[in-house]
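# Chain and residue survey
Okay, here's what each chain looks like letter by letter:
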Amino acid sequence: MLTLQNQLQDAAELMQEARNIVVLTGAGISTESGIPDFRSPGSIWLENPPVSYPDFIHKPEARRRYWKTRRSLSSQVRAARPNAAHHALVELERRQMLLGIITQNFDGLHQDAGNDPARVIELHGTSREAACTLCNTRSSMEELQRRIDAGEEDPQCPLCGGYLKSATILFGQHIPADVLARAKELAETCDLFLVVGSSLRVSPAANLPRLALKRDVPLLIINLIPTPLDGYADVVIHEKAGTVLPRLVELLEPSS
Ligand SMILES: [Zn+2]
């Protein structure tokens, strides 16, 4: 049985050879920053199931529920700070080993930690901006939240009258084609694919490591619980990202 130290050594050796690492991050990297995973016990989303996109568009009641639920979520996201795992990924970029980060999170913590925003692909959008569901115009989330807090129940776009929401992707809403194309391109050009804090159960994110595997690119998985691709990975570590990633980066040879 491999010890954690053996696994870290194996992972570091593979990473040492790589120059174009792509990292897929999921809720597991942000839970250590205090943002709940919607599948985890005590999550607000279990008590209040998330509003789907079709419901949001068709039902005023669903939009009111969306804004009510979002208030507690947005304060948690505002209070969150990057943790040791986010900072370790910044170190990979500093060492010029990082091609890009594809994230299922919408909390902006990779950018806060210091990763180049141009290298971060937010598959599920961002909760830091508002977006019109009709004309796609982005606007200030803070300003929109102030309108909600002032009592507005169903805010609409001043330009076209479309319904406004945060620029995140709801269930039943398509990921923009250009965002998905960029994510696939990264998975198809990387020389190592690292999964951090994603259980690989939500597509299309779950399919991205497969694109790397098809090209025989090394796959490393760091996630608390098993994933469907564990058997295909070169190294699997079932630990917290904030514990493992900094140790992994420390094992890399000193950068010049
Ligand atoms: Zn609009």
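Described below are features of the structure shown in this document. (Residues numbered from 1 in each chain as written. Predicted model: local features only at pLDDT ≥ 70, side-chain atom pairs only at ≥ 80, totals over all residues. Heavy atoms only, no water.)

## Describing the pairing of strand E1 (residues 21-25)
- Burial runs high along E1: five of the five residues are buried.
- What you see with E1 is no split at all: Ile 21, Val 23 and Thr 25 on one side and Val 22 and Leu 24 on the other are buried throughout.
- Alignment of E1 against strand E2 (residues 98-103), held across five bridges, turns out to be parallel. By the bridge assignment for E2, Leu 24 is matched with Ile 102.
- In this structure, E1 lies alongside strand E7 (residues 192-196), joined through five bridges in parallel fashion. Across the sheet, residue Leu 24 finds its bridge partner in E7, namely Val 195. (Buried < 20%, exposed > 50% of the residue type's maximum accessible area, 1.4 Å probe, protein only. Helix = DSSP H or I, 4+ residues; strand = E, 2+ residues; numbered from the N terminus. Pairing = 2+ DSSP bridges.)

## A short note on the layout of surface pockets
- In this structure, the second largest pocket occupies an estimated 450 Å³ of space.
- For the second largest pocket, the lining is made up of 23 residues, of which Asn 136, Arg 138, Ala 167, Ile 169 and Pro 176 are closest to its centre.
- Across the lining of the second largest pocket, the residue classes tally to 10 nonpolar, nine polar and four charged. (1 Å grid on protein atoms, 1.4 Å probe; cavity = no way out; pocket = protein on both sides within 12 Å on 5 of 7 lines; lining within 4 Å. Points joined across faces, edges and corners; volume = space filled by probe spheres on them. Nonpolar A, V, L, I, M, F, W, Y, C, P; charged D, E, K, R; others polar.)

## Some details on the sheet that holds strand E4 (residues 125-132)
- With antiparallel pairing, three strands are arranged side by side in an open sheet as E5-E4-E6. Edge strands, defined here as strands with exactly one partner in the open sheet, are strand E5 (138-140) and strand E6 (164-168). In this sheet, adjacent strand axes meet at a mean angle of 55 degrees when their direction is disregarded.
- Relative to E5, E4 runs antiparallel, the two sharing three bridges. Looking at E5, one finds that Ala 130 is bridged to Ser 139.
- Along the sheet, helix H5 (residues 60-79) contacts E4 and E6; its crossing angle with E6, the most-contacted strand, is approximately 40 degrees. (Axes fitted to C-alpha atoms, helices over the stretch in contact; angles between N-to-C directions. Contact = heavy atoms within 4.5 Å.)

## Observations regarding unusual backbone geometry
- With an omega of 10 degrees, the peptide bond running from Ser 203 to Pro 204 counts as cis.
- Structurally, the position occupied by Pro 204 is in the loop between E7 and helix H10 (208-214).
- Positive phi is not limited to glycine here, since Asn 136 has a value of about 70 degrees.
- Counting through the fold element by element, Asn 136 comes out in the loop between E4 and E5.
- The phi torsion at Leu 200 lies on the positive side, around 55 degrees, for a residue other than glycine.
- Inspection of the secondary structure puts Leu 200 in the loop between E7 and H10.
- On the basis of relative accessible area, Leu 200 is assigned to the buried category, the value being 6%.

Interpretation note: all reported values are geometric properties and have no functional meaning in isolation.
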